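Architecture and fold: a report
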Amino acid sequence: MTDQPVAPVYPNTWKRPPLIKSGLLRWSIVLGAAIYLAAAIGTMEINWTRVAEGLPRGQRFLDAFFPPNFADNRGVVWDGIQESIWMAIISTVAGIALSIPIGLGAARNLAPKWVYLFNRAIIAGSRTFPEVILAIFAVKLFGFGPFAGFIALSIGTIGFYAKLLAEDIENMSEAQAEAIKATGATWFQWINYAIQPQVMPRMIGLAVYRLDINFRESAVVGIVGGGGIGATLNTAFDRYEFDTAAAILLIIIGIVLVLEYSSGYLRKWVQ
Amino acid sequence: MLRLVGLKKQYRTGDQALKGVDLIVPDGQVMALIGPSGAGKSTLIRCVNRLVEPTGGQVFLGDMELTKLSRWALRLARRRMGMIFQEYALVERLTVMENVLSGRLGYVGFWRSWFRKFPKEDIREAYRLLDRVGLMHMADKRADELSGGQRQRVGICRALIQNPELLLVDEPTASLDPKTSRQIMRLINELCAERGLAAIINIHDVLLAQMFSQRIVGLEMGSIVYDGPPDQLTPEVLTRIYGEENWEETIGKVEDEELDEEDDFAVETPGRMTSGSDS
Ligand SMILES: Nc1ncnc2c1ncn2[C@@H]1O[C@H](COP(=O)(O)OP(=O)(O)OP(=O)(O)O)[C@@H](O)[C@H]1O
Ligand SMILES: [Mg+2]
């Protein structure tokens, strides 16, 4: 290195490398998406006269809601609420109980390939159908009433909870798991000491969140015959008792709010 | 005694991490394993307790061939090997006590461990070890509330409560400051001496390796290129292990703890070499 070093000239602009390297491909994707979107909006028929007719009808509807009537059907509403709470709680508990083995089996870093595929199939299956569809099936199978709702919500819970549990396990710290494995722990001890502490806080938070979802879903499920507050709500609409319906909706909102706050609180507490 | 015979590991990506390693570690010997990044040091110690499955060769612990054990037998054999990790690998949301007691999992039944009802001797031993490393008062703290040095001491307790014959130690000081590094290495060393434990210690700091081991093995590209006492680690040997570099400054005279030189692996901290009074 006896040569006089030449000061290199550095560029003074820099651009982030694009996600899709080929410029042609990139622009044709953007263009294709734009054309599709334009075509989709173009084919959507909006009947403005109907919209115009709908607005005053909505106004009348809202007027009928007020003031909410908490008094007249108090007994029925209270029964419906109780049934819904009960339905939400036991379907959450049962769903989570079933989710734990399924979630463990669906975590790629715990289960062998075939167990993994099997459990993922269960999860995909229960995620395919929304709770309403599941409830329609369940009502066909077990008849009207909260049992059908319970079955529908439990299955819905599995698709939700087992999937998130499996994902959380797949994201855990490998080092902590290896350290416990290296002590000669059995599989169950390994789960209890290495996996459980890592996933527990999030899973408790999600359990409360799922309770919240199940309570809200119990209103929908009830409309198709699954019992609970949804059935009461449906009856109120059928009888044009909109003030009672409004009261029910307010109660649902109140309970969901309580669950919302308590889940936030609980999550902070278990962290 | 630990014996490796022609140990090979090829990762699925095609990396030949170990190319037929032969090595004997007698009882009670503290051996430092040095070598450049990617040489296969971690792979080697992980092949011993089969956290990584070797693809060839044999590993013997005493008379038992670890490499042909069934899963069940392997679990029982793992109790005889304590492991200490670079990033401590404590279960962060468990208490210090639970982390230490988890070293006994191989010995207690599921329900006892589930309810945290460990035998009295285990609990006494856990306290004794925590006291030994100066963390008695931390027993009920959560592991993620501890500093790095404290965590590593808990990691050491977890390995020792297994009552192992062999310690597998993977870069115990890599995330610690120079003084804490020395304390940890000294602690491992003393505990090995107290209990007549053999140890394989992966370490990047050549000076620490020289100070705290009876034997140094140099690994490069999956093969052993040096095996000898710490004081024969000459610049030529280091060049063989790590490649060309000016090594004169790196090598310590083993007896001399008051060295004041700079080395490539340690962070310069004023006064870092003036310890020696710590426990
Ligand atoms: N899980 C793995 N999958 C594929 N290749 C791996 C894996 N772990 C290690 N290797 C490869 O094996 C070789 C040895 O790695 P190893 O981790 O044993 O090195 P090391 O000596 O411990 O390095 P360092 O000092 O950086 O920790 C490297 O080439 C590495 O890329
Ligand atoms: Mg390593």
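Above this note sits the structure.
Read on for a plain summary of the structure. (Residues numbered from 1 in each chain as written. Chains lettered and ligands numbered in written order. Predicted model: local features only at pLDDT ≥ 70, side-chain atom pairs only at ≥ 80, totals over all residues.)

Notes on the site of ligand 1
Residues and elements named next belong to chain B. Note the threshold: Nearness here has a simple definition: the residue's C-beta atom, placed using the backbone, must lie within 6 Å of the molecule or strand. Secondary structure elements follow DSSP: runs of H or I of four or more residues count as helices, runs of E of two or more count as strands, with numbering from the N terminus. By the convention adopted, Pro, Cys, Tyr, Trp, Phe, Met, Ile, Leu, Val and Ala count as nonpolar, Lys, Arg, Asp and Glu as charged, and the other residues, Gly among them, as polar.
The immediate surroundings of ligand 1 are formed by Y11, T13, D15, A17, G35, S37, G38, A39, G40, K41, S42 and T43. It is helix α1 (residues 41-48) that contributes the most residues to the shell around ligand 1, three residues altogether. Across the shell around ligand 1, the residue classes break down as three nonpolar, seven polar and two charged.

Details of the environment of E260 of chain A
All names here are of chain A. Counted only if it meets this: Counting other C-beta atoms within 10 Å of a residue's C-beta gives its exposure: the residue is buried at 20 or more, exposed at 12 or fewer, and partly exposed in between, where C-beta atoms are placed from the backbone.
Note that E260 resides in helix α10 (residues 242-270). When the 13 C-beta atoms within 10 Å are taken as the criterion, E260 is described as partly exposed. Sequence separation of E260 and L134 is 126 residues, and the distance between their C-alpha atoms is 25 Å.

Remarks on the interface of chain B and chain A
Note the cut-off: Here, residues touch in the contact sense if the C-beta positions derived from the backbone fall within 7 Å of one another.
At the junction of the two partners, chain B supplies 21 residues and chain A supplies 18 residues. Put simply, the parts of the chain that give the side of chain B that touches chain A at least two residues each are α2 (71-78) and α4 (110-114) of chain B. The class makeup of the residues in the side of chain B that touches chain A is ten nonpolar, six polar and five charged.

Looking at the sheet that holds strand β3 (residues 30-34) of chain B
Residues and elements named next belong to chain B. Test applied: For two strands to count as paired, DSSP must find a minimum of two bridges between them. Every axis corresponds to a line fitted to the C-alpha atoms, with the helix fit spanning only the stretch in contact, and the corresponding angles, defined between N-to-C directions, vary from 0 to 180 degrees.
Strand order in this open sheet of six strands is β6-β7-β8-β3-β9-β10, and the pairing throughout is mixed. Each of the sheet's edge strands pairs with one partner strand only, and the pair in question is β6 (81-84) and β10 (223-228). Taking each pair of neighbouring strands and ignoring which way they run, the sheet shows an average axis angle of 20°. Across four bridges, the pairing between β3 and strand β9 (residues 215-220) is parallel. Within β9, the position partnered with L33 by the bridge is V217.

Overview of α1 of chain B
Residues and elements named next belong to chain B. By the criterion of burial, α1 is predominantly enclosed, with eight of the eight residues buried. Every buried residue of α1 is accounted for by K41, S42, T43, L44, I45, R46, C47 and V48. Looking one or two residues beyond α1, the residue adopting positive phi is R50, at roughly 60°.

A few points about the sheet that holds strand β4 (residues 56-61) of chain B
Residues and elements named next belong to chain B. Read from one edge of the open sheet, four strands run β2-β1-β4-β5, paired in antiparallel fashion. Of all strands in the sheet, those with a lone pairing partner are β2 (16-25) and β5 (64-65), marking the two edges. Note that strand β1 (residues 2-10) and β4 share five bridges and pair antiparallel. Paired with L4 across the bridge in β4 is V59.

Let's talk about the packing of helix α6 (residues 148-160) of chain B against helix α7 (residues 178-195) of chain B
Residue and element names in this part refer to chain B. What counts is decided by this rule: Should an angle fall under 35 degrees it is taken as roughly parallel, and over 145 as roughly antiparallel, whereas 65 to 115 is taken as roughly perpendicular and any remaining angle as oblique. Each crossing gets its hand from how the near helix is turned against the far one by less than a right angle, where anticlockwise is left-handed and clockwise is right-handed.
With their axes 10 Å apart at the nearest point, α6 and α7 run at an angle of 15° to one another. By the angle between their axes, α6 is roughly parallel relative to α7. Considering only the axes of α6 and α7, their crossing is right-handed. Counted together, G149, Q152, R153, I156 and L160 of α6 and T180, Q183, I184, L187, I188 and L191 of α7 form the full contact between these two elements. Among the residues forming the contact of α6 with α7, the class breakdown is six nonpolar, four polar and one charged.

Structural notes on the nonpolar core
As a reminder of what qualifies: In this description, a nonpolar core means buried residues of the types Ala, Val, Leu, Ile, Met, Phe, Trp, Tyr and Cys, linked to one another by C-beta atoms lying within 7 Å.
V100 and A199 of chain B are the most contacted members of the largest nonpolar core, which has 121 residues in total. What A199 of chain B contacts, discounting residues up to four positions off in sequence, is V30, M31, L166, L167, V169, I188 and C192 of chain B. If you look at the next biggest cluster of nonpolar residues, it comprises eight residues, including I229, A236, A245 and I248 of chain A.

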